[in-house]
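Report on the structure
Next come the chains, spelled out residue by residue.
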Amino acid sequence: MQKVFDTYGEYYDIFYSDKDYEKECDFIEKIFKSCSAKPVKSILDAGCGTGGHSILLARRGYKVSGIDASRVMINRARGKSKGHNTGLTFQVSDIRKFDLQKRFDACISMFAVLDYVTETDDILKALGNIRRHLRPSSIFTFDFWNGLAVLRILPSDRVKIIEKGRKRVIRTVHPEMDALHHICKSHYHVLETQGGKILNEFKETHVVRYFFPQEIAHYLDDAGFELVKFCPFLSLNGRVDENEWNVMAIARARG
Ligand SMILES: C[S@@+](CC[C@H](N)C(=O)[O-])C[C@H]1O[C@@H](n2cnc3c(N)ncnc32)[C@H](O)[C@@H]1O
């Protein structure tokens, strides 16, 4: 697997300090309430990162197991949750080959986790594993880069500057498309400075795959899921078309 979220992982919570995890958890709970036939008590967070959703959902009373391939991300999640949550565990595991020996009422996989699984065989393995960890009729929901929008809008160079006290973190990203394989390579360059001095500098390339909704529907079916619906990210009743870059898939485990 590509080695990402190591150095990048050290800066992850700085890069995404403007991400509204409370609002995203409201959306996840809305999905559970409107699409799950039974109350959700236990959640698998597949690709939990630094625990943004896991920790908040555990605080809201769910039993949450977070797994992630990056030790750096899991260590951060453990550090952030220390002393705060019961019913919350974090483990370094790859979604393509994990076995927690238990089943959950729901699985979430948020912020493009599936896009990092770029080979079709691996996607099928990851979805199959997730299915094995769910009880019949459990909900599985995740967001993905929508190929319809990616090819129409096309990724572009971007710069993000985050001020952190006297420090400044500048992240630039240069995308490189490989449309034949539904791949975008995001070449990140990060500079941390203070008073004009460079404190740290690194580069990291994230290879992500974008998916077409009908492709996802097919993979879900193959892995033992029934598609409930696609919707735009954070808009349960919205319409998915070529303008929606981030699309949410909601599926139910057949059983
Ligand atoms: C953009 S981050 C999202 C993290 C978190 N879900 C959030 O919303 O903040 C993508 C995460 O997917 C994880 N990931 C990528 N491929 C993975 C795999 N095969 N197995 C487990 N985790 C994976 C990365 O380590 C990273 O933490």
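Above this note sits the structure.
Attention in this report is confined to the structure presented alongside it. Here the structure is a predicted model, which means the values were calculated and not measured.

What the protein contains, in helices and strands, is seven helices and 11 strands. For 255 residues, the compact-globule formula gives about 18 Å, and the C-alpha radius of gyration of the protein, at 18 Å, lands near that figure. Viewed in the frame of its principal axes, the protein has a C-alpha envelope of about 60 × 45 × 30 Å. When burial is assessed residue by residue, the protein has 53% of its 255 residues classed as buried. Taking as baseline every contact in the protein between residues at least 6 positions apart, the subset at least 24 positions apart corresponds to 68%. Counting 39 positive and 33 negative side-chain charges, the protein places the averaged centre of each group 6 Å from the other.

Okay, the site of the ligand next. Tyr12, Tyr21, Gly47, Asp68 and Met110 are the nearest of the 19 residues found near the ligand. Within the contact set of the ligand, an oxygen atom lies 2.6 Å away from a side-chain nitrogen or oxygen of Tyr21. One of the backbone nitrogen or oxygen atoms of Gly47 is found 2.7 Å away from a nitrogen atom of the ligand. In isolation the ligand has 590 Å² of accessible area, and contact with the protein removes 98% of it. By residue class, the composition of the shell around the ligand is 12 nonpolar, five polar and two charged.

This part covers the environment of Gly49. Here Gly49 lies in the loop between strand 1 (42-46) and helix 3 (52-59). Residue classification places Gly49 among the buried residues on the basis of a relative accessible area of 7%. Each residue touching Gly49, except ones within four places of it in the same chain, is listed here: Asp68, Met73, Ile74 and Ala77.

The next thing to look at is the packing of aromatic side chains. Throughout the structure, instances matching the rule amount to 20 aromatic pairs. Between Trp145 and Trp245 the ring centres are 5.4 Å apart and the planes differ by 70 degrees, which places this aromatic pair in the edge-to-face class. Of the two residues, Trp145 sits in strand 5 (residues 134-145) while Trp245 sits in the loop between strand 10 (225-232) and strand 11 (246-253), which places them 100 residues apart along the sequence. Residue classification places Trp145 among the buried residues on the basis of a relative accessible area of 15%. Within the aromatic cluster, the residues linked to one another by ring pairs are Phe5, Tyr8, Tyr11, Tyr12, Phe15, Tyr16, Phe111, Tyr116, Tyr188 and Phe202. In this structure, Lys19 packs its charged tip against the face of Phe111, placed 3.8 Å from the ring centre.

At a minimum axis separation of 9 Å, helix 5 (residues 120-132) and helix 7 (residues 213-222) run at an interaxial angle of 50 degrees. In terms of orientation, helix 5 and helix 7 fall into the oblique class. In this structure, helix 5 crosses over helix 7, and the sense of that crossing is right-handed. Taking contact as the criterion, the partners of Thr120, Ile123, Leu124 and Leu127 in helix 5 are, on helix 7, Tyr219, Leu220 and Asp222. Of the residues assigned to the contact of helix 5 with helix 7, the class counts are five nonpolar, one polar and one charged.

Turning our eyes to something else, we now look at the nonpolar core. Within the largest apolar cluster, 43 residues are counted, with the highest numbers of intra-cluster contacts made by Tyr8, Phe15, Ile31, Phe32, Ile43 and Leu57. With seven residues, the top contributor of residues to this core is helix 2 (residues 21-35). Two domains each put at least three residues into this core: domain 1 (7-145 + 212-253) and domain 2 (149-209). Among all residues touching Tyr8, those that are not within four sequence positions of it are Phe15, Tyr16, Arg171, Tyr188, Phe202, Glu204 and His206. Of all hydrophobic cores here, the second largest spans 31 residues; its members include Leu44, Ile67, Phe98 and Val247.

Moving on, we come to the side chain of Asp143. Following the sequence through the fold, Asp143 ends up in strand 5. Among buried charged residues, Asp143 stands out as having no salt bridge; its nearest opposite-charge side chain is Lys19, 6.5 Å away. For Asp143, the side chain forms a polar contact with the main-chain nitrogen of Phe111, separated by 2.5 Å. Engagement of the side chain of Asp143 in a polar contact is seen with the backbone nitrogen of Ala112, the distance being 3.1 Å. Setting aside anything within four residues of it in sequence, one finds Asp143 in contact with Ser109, Met110, Phe111, Ala112, Phe233, Val247 and Met248.

Rules and cut-offs
Residues numbered from 1 in each chain as written. Predicted model: local features only at pLDDT ≥ 70, side-chain atom pairs only at ≥ 80, totals over all residues. Heavy atoms only, no water. Helix = DSSP H or I, 4+ residues; strand = E, 2+ residues; numbered from the N terminus. Rg over C-alpha atoms; globule rule 2.2 N^0.38 Å. Buried < 20%, exposed > 50% of the residue type's maximum accessible area, 1.4 Å probe, protein only. Contact = heavy atoms within 4.5 Å. Lys, Arg positive; Asp, Glu negative; His and termini not counted. Charge placed at Lys NZ, Arg CZ, Asp CG, Glu CD. Near = heavy atom within 4 Å. Polar contact = N/O pair within 3.5 Å; in protein donor to acceptor, adjacent residues only side chain to side chain. Areas by Shrake-Rupley, 256 points an atom, 1.4 Å probe, with all protein chains shown as cover. Nonpolar A, V, L, I, M, F, W, Y, C, P; charged D, E, K, R; others polar. Phe/Tyr/Trp six-rings, centres within 6.5 Å; stacked < 30°, edge-to-face > 60°. Lys NZ or Arg CZ within 6 Å of the ring centre and 35° of its normal. Axes fitted to C-alpha atoms, helices over the stretch in contact; angles between N-to-C directions. Parallel < 35°, antiparallel > 145°, perpendicular 65-115°, else oblique. Left-handed = near helix turned anticlockwise from the far one by under 90°. Core = buried A, V, L, I, M, F, W, Y, C linked by side-chain atoms within 4.5 Å. Domains from an automatic or database assignment. Salt bridge = Lys/Arg side-chain N within 4 Å of Asp/Glu carboxyl O.

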